[in-house]
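Single-letter residue listing:
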Amino acid sequence: FPKRCGLPTTPGLSAGNEKRKQCRHPGALRRRFRESTNRVHPHVRNIELKARLTDLESAREIAARLATKRLGVEHQIDTYFAAPHGRLKLRQINGLTNTLIAYSRADDAAAKPSDYHLVHVAHPETLKKALAAALGVIGVVDKRREIFLVDNVRIHLDDVAGLGEFLEFEAGVAPRLTASPGD
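Residues numbered from 1 in each chain as written. Predicted model: local features only at pLDDT ≥ 70, side-chain atom pairs only at ≥ 80, totals over all residues. Heavy atoms only, no water.

A separate point is the environment of Ala-82. By secondary structure assignment, the location of Ala-82 is in the loop between β2 (69–81) and β3 (87–93). Sequence separation between Ala-82 and Gly-136 is 54 residues; the distance between their C-alpha atoms is 5.6 Å. Discounting residues that sit within four places of it in the chain, Ala-82 has contacts with Leu-135, Gly-136 and Ile-138. (Helix = DSSP H or I, 4+ residues; strand = E, 2+ residues; numbered from the N terminus. Contact = heavy atoms within 4.5 Å.)

Below, the structure written as structure tokens:
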């Protein structure tokens, strides 16, 4: 397709990005679409601790005092799918950001690791319909989330529709690349 788009065909020569972006050849359009919609973040791990709140306002005051930065408020809608392995949800934030999150985490009240992969999604409603048809939907969680940051720890204050108010700590850690005997 380089000739069709007026790009150099000689090995070693390259056209500027502007010329490539202007190309309307179907192959170039498909490649740009894949590059813009299929951004996959590598395996990530964090440690999470969740708890029900009895006094959201007090928790907010303490989080604000501890925080090095306030990251704002988000309206999140999480659609959970019946994944055969681990967990799978589509998170839609403020109607602007859409991320498919595949993760594994123990059902435990204590602090626990959560290993996950993120995929940014350009067409969330289409993906949601396809995943619902293939896997089934097991639930939808609609919440208002306030986010504070203390070093590498995110503090989430969640007001979840129909469930109540919750506090969550998420500490980002490097993923384990290898396991040692006895770990």
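Next up on the list: the nonpolar core. Within the largest apolar cluster, eight residues are counted, these being Leu-53, Leu-56, Ala-59, Ala-63, Phe-148, Ile-155, Leu-157 and Leu-167. Taken together, the elements giving at least two residues each to this core come down to α3 (56–66) and β7 (153–160). By residue number, the principal contributor to this core is α3, which donates three residues. The residues contacting Ile-155, other than those within four sequence positions of it, are Ala-63, Glu-146, Ile-147, Phe-148, Val-150, Leu-167, Glu-168 and Phe-169. (Core = buried A, V, L, I, M, F, W, Y, C linked by side-chain atoms within 4.5 Å. Buried < 20%, exposed > 50% of the residue type's maximum accessible area, 1.4 Å probe, protein only.)

Looking at α3, one finds that the buried residues are Leu-56, Ala-59 and Ala-63. With its buried residues spanning 60° around the axis, α3 presents them on a single face. Residues of α3 that are buried make contact with β6 (137–150), β7 and β8 (164–173). (Arc of directions from axis to C-beta.)

Of note, Asn-94 is a non-glycine position whose phi angle comes to about 55°, a positive value. The phi dihedral of Asp-151 falls on the positive side, at around 55°, and the residue is not glycine. Relative to the helices and strands, Asp-151 resides in the loop between β6 and β7.

Bringing the confidence of the model for the protein into the picture now. Caution is warranted with low-pLDDT regions, since their predicted coordinates should not be read in detail. Looking at the protein, pLDDT values average 81 and 71% of them are 70 or higher. Segment residues 24–38 is flagged for pLDDT under 50; beyond a separation of four residues in sequence, or across chains, it makes 16 contacts in the model. Low pLDDT, under 50, characterises residues 177–183; the stretch is placed with one contact to residues that sit more than four places away or in other chains. (pLDDT = per-residue confidence, 0-100.)

Before going further, it helps to examine the side chain of Glu-146. Mapping Glu-146 onto the fold places it in strand β6. What Glu-146 contacts, discounting residues up to four positions off in sequence, is Arg-60, Arg-70, Gly-72, Val-73, Ile-155, His-156 and Leu-157.

With that settled, the discussion passes to the pattern of salt bridges. Throughout the structure, instances matching the rule amount to 14 salt bridges. Of the charged contacts in the structure, one is a salt bridge between Glu-146 and Arg-60, with a shortest N-O distance of 2.5 Å. With a gap of 86 residues between them, Glu-146 in strand β6 and Arg-60 in helix α3 connect regions that are remote in the sequence. The exposure class of Glu-146 is buried, given its relative accessible area of 2%. A salt bridge links Asp-107 to Arg-87; its shortest N-O distance comes to 2.3 Å. Of the two residues, Asp-107 is situated in the loop between β4 (97–105) and β5 (112–120) and Arg-87 in strand β3; the sequence distance between them amounts to 20 residues. For Arg-87, a relative accessible area of 22% corresponds to the partly exposed category. Ionic contacts of the salt-bridge type, sharing partners, join the residues Glu-57, Arg-60, Arg-70, Arg-144 and Glu-146 into one network. (Salt bridge = Lys/Arg side-chain N within 4 Å of Asp/Glu carboxyl O.)

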